[in-house]
Amino acid sequence: MTTTADDVWKILAELAIEQKETKRLFQETDRILKEQSQETDRRFQETAQSFQETERILKEKSQEMDRRFRETDRQIGKLSNPLGEFVEYQVRPSAVKLFRQRNINVHELHPGVTVKRDNGGLEIDLLVVNDTEVVLVEVKSKLNQRDIDEHLERLNKFKRLMPRYQEMRAYGAVGAMIVTDEVANYAYQKGLFVLAQNGDNVIITNDEQFKPKTW
């Protein structure tokens, strides 16, 4: 079969049409890929924004939790503060005068005494001292029998852990914002002074016949 010039031109025309279609398909594919790329970029941006928003929310929640913890600490401090004020503004200023009235002529106050040795430790709320006598004072919000027993143990090991007071007469005292008659009687029987709140003042509740125990 002989190929004529018309046949060649026809083939070339078909090839041109196919080439245009191929080019169109490439352009369409390129457009789709660009749109997909743009959509992917948009989604990445949305994801990044979402992460940033989540981070912002978490940061705000963390700050709020910190604020609440600080407020809780402040409230706890307020709850525990009355005992500190009782010791600072009522027991300490009254201690010297009260024990002098009981013929214990003290003249030094040592608050918050802590002793740590290899053979034991000791914490004393208030140490009231003169040259020959020392009073160990334990102060609580509300005094109970266990507090008294623990203070007796403290007195029993006091001179062993603080030997510089070895030659001095040591007395014990317990004080509280709230002291029931039953607990006060128990402390009295154990030979301890009892300090209690009386209006705006602190008093020693032991009667004048009381004979304190010495350690």
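What counts, and where the lines are drawn
Residues numbered from 1 in each chain as written. Predicted model: local features only at pLDDT ≥ 70, side-chain atom pairs only at ≥ 80, totals over all residues. Heavy atoms only, no water. Helix = DSSP H or I, 4+ residues; strand = E, 2+ residues; numbered from the N terminus. Contact = heavy atoms within 4.5 Å. Core = buried A, V, L, I, M, F, W, Y, C linked by side-chain atoms within 4.5 Å. Buried < 20%, exposed > 50% of the residue type's maximum accessible area, 1.4 Å probe, protein only. Phe/Tyr/Trp six-rings, centres within 6.5 Å; stacked < 30°, edge-to-face > 60°. Polar contact = N/O pair within 3.5 Å; in protein donor to acceptor, adjacent residues only side chain to side chain. Salt bridge = Lys/Arg side-chain N within 4 Å of Asp/Glu carboxyl O. Patch = residues over 30% accessible without salt bridge, like charges linked within 9 Å, V, L, I, M, F, W, Y side chains within 5 Å. Areas by Shrake-Rupley, 256 points an atom, 1.4 Å probe, with all protein chains shown as cover. Pairing = 2+ DSSP bridges. Axes fitted to C-alpha atoms, helices over the stretch in contact; angles between N-to-C directions.

The next subject is the side chain of N206. Following the sequence through the fold, N206 ends up in the segment after β6 (201–204). Contact partners of N206, with chain neighbours within four places excluded, come to R102, Y188, L192, F193 and V194.

Glancing now at the nonpolar core. Counting 27 residues, the largest nonpolar core has L127, V134, F158 and M162 as the members making the most contacts within it. For this core, the elements supplying multiple residues, two or more each, are β1 (108–117), β2 (120–129), β3 (133–142), α2 (145–161), β4 (169–178) and α3 (181–189). In terms of residues, this core owes the most to one element, α2, which gives 5 residues.

With that out of the way, let us pick up the packing of aromatic side chains. Aromatic ring pairs are reported here in terms of the distance separating the ring centres and the angle at which the planes meet. If you walk through the whole model with that rule in mind, you get 4 aromatic pairs. Ring geometry for F193 versus F210: centroids 5.2 Å apart, planes at 70 degrees, classification edge-to-face. Here F210 lies in the segment after β6 and F193 lies in strand β5 (residues 193–198), a separation of 17 residues in the sequence. The exposure classification of F193 matches that of F210, with both residues buried. Ring pairs connect the aromatic residues F99, Y188, F193 and F210, which therefore count as one cluster.

Its location among the elements puts Y171 in strand β4. Look past the residues within four positions of Y171 in its chain and what remains in contact with it is I104, E133, V134, V135, L136, L155, F193, P212, K213, T214 and W215. Here the side chain of Y171 touches R169 through a polar contact of 3.3 Å, side chain to side chain.

What follows concerns the pattern of salt bridges. Following the criterion strictly, the structure yields 12 salt bridges and no others. Residues E28 and R31 are paired through a salt bridge, measuring 2.2 Å at the closest nitrogen-oxygen approach. In this pair, E28 and R31 are both assigned in helix α1 (residues 5–101), 3 residues apart and thus about one turn of the helix distant. On the accessibility criterion, R31 (35% relative accessible area) is partly exposed. E39 is the salt-bridge partner of R43, the closest N and O atoms lying 3.0 Å from each other. Residue R43 and its partner E39 are located together in helix α1, separated by 4 residues, close to a single helical turn. Residue classification places R43 among the exposed residues on the basis of a relative accessible area of 53%. Of the residues examined, E39 reaches a relative accessible area of 26% and is grouped as partly exposed. Three or more residues are tied together by salt bridges with common partners; here these are E28, R31 and E35.

Next up on the list: a nonpolar patch on the surface. Taken together, the side chains of W9, I11, L12 and L15 make up a nonpolar region of the molecular surface, amounting to roughly 440 Å² of accessible area. Relative to the helices and strands, W9 resides in helix α1.

Read from one edge of the open sheet, 6 strands run β1-β2-β3-β4-β5-β6, paired in mixed fashion. Either end of the sheet is taken by a strand with one partner, and the two such strands are β1 and β6. The average angle at which neighbouring strand axes cross in this sheet is 30 degrees, direction not considered. Alignment of β3 against β4, held across 9 bridges, turns out to be parallel. Opposite K140, over in β4, you have A176 as the bridge partner. The sheet contacts of α2 involve β1, β2, β3 and β4, and relative to β2 the element is tilted by about 95 degrees.

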